[in-house]
Amino acid sequence: MSASERRGATRTAVVWDVLRPILGAGSRDVLDIGGGTGGFAVKVAELGHRVSVVDPSPDALAALSRRAREVGVEVDAQQGDLSSLVEAVGPDSADVVLCHGVLEVVDDPAAALATIREVLRPGGTLSLLVAQRHAAVLARAMAGHFGQALALLDPAQAPTGRSGHRFTAEETTELLTGAGFEIASVHGIRVFADLVPGSLLELEPGAASALVELERAVAERPEYLPLATQLHVIAT
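What you see is a predicted model; the values in this text were computed from it and never measured.

**So, the layout of surface pockets**
One number sums up the size of the largest pocket: a volume of about 830 Å³. Residue lining of the largest pocket: 27 residues in total, with G8, T12, G39, F40 and K43 positioned closest to the centre. It is helix α1 (residues 3-23) that contributes the most residues to the lining of the largest pocket, 8 residues altogether. Residue composition of the lining of the largest pocket, grouped by class: 10 nonpolar, 10 polar and 7 charged.

Structure, rendered in C-alpha cells:
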C-alpha cells in the first residue's frame, strides 16, 4: 500500500466500520450523491449491492466507470445534482443514500436533505458526511490564516463553497431532524489523521494501523467531536 493509500485508509476506516453493518448482507439499492470517481461506490458494489452515482462532473463519472470496470463491478453513473435528483432516480428508490462531502456546496442544506428524504424508501438510511466547523477554525489558525479562522466562527459570515461552508454537530442534527430524519449515530472522523505528519506514516512501521485504532477509540467520544475534520451522521 502506498503512502497516499495508507493515509486515505486512516481517514475512511471509521466510516467503513459504521457503513458495513448498515449495508449488511444481500443486495440493496444504494445511491451515492456526489460520488465522484467512485471511492465509496465501487467498494459498495464489490459487496454485492446495486449502486447508482449521481454527480455533476462528467470527468469524475468517466473515472468512476473505468474504476468499476477494472474491478469487474457495475455502477450506474448519471450526471446530475441534488436539484434534479428525484427526476434522475425517482422517489422511494434507495435503501441507503450516501451523501459525503456534498452538503458543504449546496445553497440550501435543508432543502437538499428534504430531497434526499424523498428518494429514500420508508425505513431507509442516510449516511451523511460533512465538514466540521470547529476543526476548520483550528486548522486555519494553525496555518496562520487568522482572518479565515475568524470568518468561520460565524456561520452567517462564513464564505460558502467547499472551502468555507462548515457545520457543527448541533447544526447537523438540527438540519436532519428538521427534514424528518431520526439520528442513529454521530461519529467524529479524522480526529487526528489530518494532524499527523505524512512522513511518520511512511517511515514508522505500524504507525498507520495504530492511528486507525486511535481514530476508532475516539470516534464516539463527544469531547473529541470538536477536533474532528468531519462528522459522520447515520440517520433514518
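**Observations regarding the pattern of salt bridges**
Counted under the stated rule, the structure contains 9 salt bridges. A salt bridge links E171 to R133; its shortest N-O distance comes to 2.9 Å. One end of the pair, E171, is in helix α8 (residues 169-178); the other, R133, is in helix α6 (residues 133-142), with 38 residues separating them in the sequence. With a relative accessible area of 25%, E171 lands in the partly exposed category. Between R190 and D194 there is a salt bridge whose closest N-O contact spans 2.8 Å. Residue R190 is classed as buried on the basis of its relative accessible area of 18%. Its relative accessible area of 29% is what places D194 among the partly exposed residues. Among the ionic contacts, a cluster of salt bridges with common partners joins D29, R50, D95 and R121.

Parameters and conventions
- Residues numbered from 1 in each chain as written.
- Predicted model: local features only at pLDDT ≥ 70, side-chain atom pairs only at ≥ 80, totals over all residues.
- Heavy atoms only, no water.
- 1 Å grid on protein atoms, 1.4 Å probe; cavity = no way out; pocket = protein on both sides within 12 Å on 5 of 7 lines; lining within 4 Å.
- Points joined across faces, edges and corners; volume = space filled by probe spheres on them.
- Helix = DSSP H or I, 4+ residues; strand = E, 2+ residues; numbered from the N terminus.
- Nonpolar A, V, L, I, M, F, W, Y, C, P; charged D, E, K, R; others polar.
- Salt bridge = Lys/Arg side-chain N within 4 Å of Asp/Glu carboxyl O.
- Buried < 20%, exposed > 50% of the residue type's maximum accessible area, 1.4 Å probe, protein only.

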